[in-house]
Amino acid sequence: ERDENLNLDLANAYRDEGRMDEAARVLREGLKTLPDSVALTAALVSLEVHESHFEEATRLSEGIARRKPDDLNAQRIYFRTLVITGNNDVAARVGRRLLRTAPRDADLLNLNGLLEQRAGDFAAARRDLELAVEIHPNDLNARVNLGVTLAELKDPAGAKVQLEKAIALGADEPQVHFELAKALRALGDTQQAQEQLAIYQKRLKQEADQALAASKAAEAEEALKAGDRQRAASLYREASAAQPENAALAYQLATVLGNAGDADGERAALEQALKADPKFVQAQYQLGYMDFQAGDNTGAERHFRLTVEQVPDNAQAWVSLAAALGAESRVNEARAAVTKALQLEPDNASAQELRRKLATQDPH
């Protein structure tokens, strides 16, 4: 059985690969066993918000808040969900109540400041956001919100300071660059304002490409469920073309093409995945397997070595490396790789069988 941490790790792994349905399934299964887990609820609420399932996110967050009225983090999940989904009136009431309980909680101060900003009470927003930044100077969200508030209060110099610090901390949303461009223009710095506008437009395009890729990938998943591999492959190809730096999309395309028997297409998609992310271990391993099947033992060895470097505790990767080395008549190295596999998994049948075969071979 999976404990809380294992459920979270598995869900995050699925989410990183873009397999949102699988991530949600894991989290829901975890909540059946641990219905009051704040961490699992927070992860599922975050996923539902990401997928724009706002009603479900609100239901889940309100449920944990009702069941755990004295748990600040459970209440925080509900408050944050209300803010994200734009339920401002209810959020304002919940936020003020929580802030009375924890008046120096930087996260609560930031969210309350954001709500005050939305309501047009910029003086109150400034007080809460300045305190949030004072308590947590590295909170880029608080700095962005403070920068926007200062701009509304006709303080472009202060806005510029906060927005530049937010960007230095990692804020890269299009709107941050747009707000900074406005502050720079108000200060008379036209050149830097144009540079920020160019970044803003670039980020907008990236977000549009990401949204298109996500939409096509979701359609591809539905096509797969319906058994239409050809349509799924076409949709994944469109998704990957829209977001070529997304290794997970390229790998999903490779998987569909491989299942359809298109080896050339599968290899091209796997190579695209590795171009996007040289450490994408699934693509690395699959290319090794394809090379091995094609009799390219040197290529297989190279890919399998890169695989075990990234996942040294994966017994099957060591077995595959051993098989490639054995095929190259490098018996001693193959035996060493099999030994490593059996240290990790003593009952691994593939490793045991390969060890028996290697024992009969002449190492010279």
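The following refers to the structure shown. (Residues numbered from 1 in each chain as written. Predicted model: local features only at pLDDT ≥ 70, side-chain atom pairs only at ≥ 80, totals over all residues. Heavy atoms only, no water.)

### Quick notes on a positive patch on the surface
The line we're drawing: Each patch is built from residues lacking any salt bridge and having more than 30% relative accessible area; the joining distance is 9 Å for like charges and 5 Å for nonpolar side chains (Val, Leu, Ile, Met, Phe, Trp, Tyr). Each accessible area is a Shrake-Rupley result for a 1.4 Å probe, and residues are judged covered by the shown protein chains and nothing else. The salt bridge criterion pairs a side-chain nitrogen of Lys or Arg with a carboxyl oxygen of Asp or Glu, the two atoms within 4 Å. Note that His is not counted, nor are the chain ends; the positive residues are Lys and Arg, and the negative ones are Asp and Glu. The atom standing in for a charge is NZ when the residue is Lys, CZ when it is Arg, CG when it is Asp and CD when it is Glu. Here a strand is any run of E in DSSP of at least two residues, a helix any run of H or I of at least four, and the numbering for each starts at the N terminus. Any residue under 20% of the maximum accessible area for its type is buried, any over 50% is exposed, and the rest in between are partly exposed; the area is computed with a 1.4 Å probe on protein chains only.
Together, Arg 93, Arg 96, Arg 97 and Arg 100 make up a region of like positive charge exposed at the surface. Looking at the secondary structure, you find Arg 96 in helix α6 (residues 88-101). A relative accessible area of 48% places Arg 96 in the partly exposed class.

### Looking at the side chain of Ser 320
What counts, and what does not: Any two residues whose heavy atoms approach within 4.5 Å at even a single point are treated as in contact.
In this structure, Ser 320 sits in helix α18 (residues 315-327). Since its relative accessible area comes to 10%, Ser 320 is described here as buried. Excluding residues that lie within four positions of it along the chain, Ser 320 makes contacts with Tyr 285 and Phe 304.

### Looking at the packing of aromatic side chains
Cut-off, in case you're wondering: The criterion for an aromatic pair is that two Phe, Tyr or Trp rings (for Trp, the six-membered ring) have centres within 6.5 Å, with stacked assigned to planes under 30 degrees apart, edge-to-face to planes over 60 apart and tilted to the rest.
Counted by the stated rule, this structure contains three aromatic pairs. With centroids separated by 5.0 Å and ring planes inclined at 40°, the aromatic side chains of Phe 178 and Tyr 200 adopt a geometry described as tilted. Pair noted here: Phe 178 is in helix α11 (residues 174-186) and Tyr 200 is in helix α12 (residues 190-225), with a separation of 22 residues, a long-range link. By relative accessible area, which is 27% here, Phe 178 ends up partly exposed. Tyr 200 gets classed as buried once you look at its relative accessible area, which sits at 19%.

### Focus on the pattern of salt bridges
Tallied over the full model, the rule gives 27 salt bridges. Its salt-bridge partner being Lys 225, residue Glu 222 comes within 3.6 Å of it at the nearest N-O pair. Here Lys 225 and Glu 222 lie together in helix α12, a separation of three residues that amounts to about one turn. Residue Glu 222 is classed as partly exposed on the basis of its relative accessible area of 47%. On the basis of relative accessibility, which here comes to 58%, the residue Lys 225 falls in the exposed class. Look at the salt bridges and you will find they share partners, linking Glu 301, Arg 305, Glu 328, Arg 330 and Glu 333 into a network.

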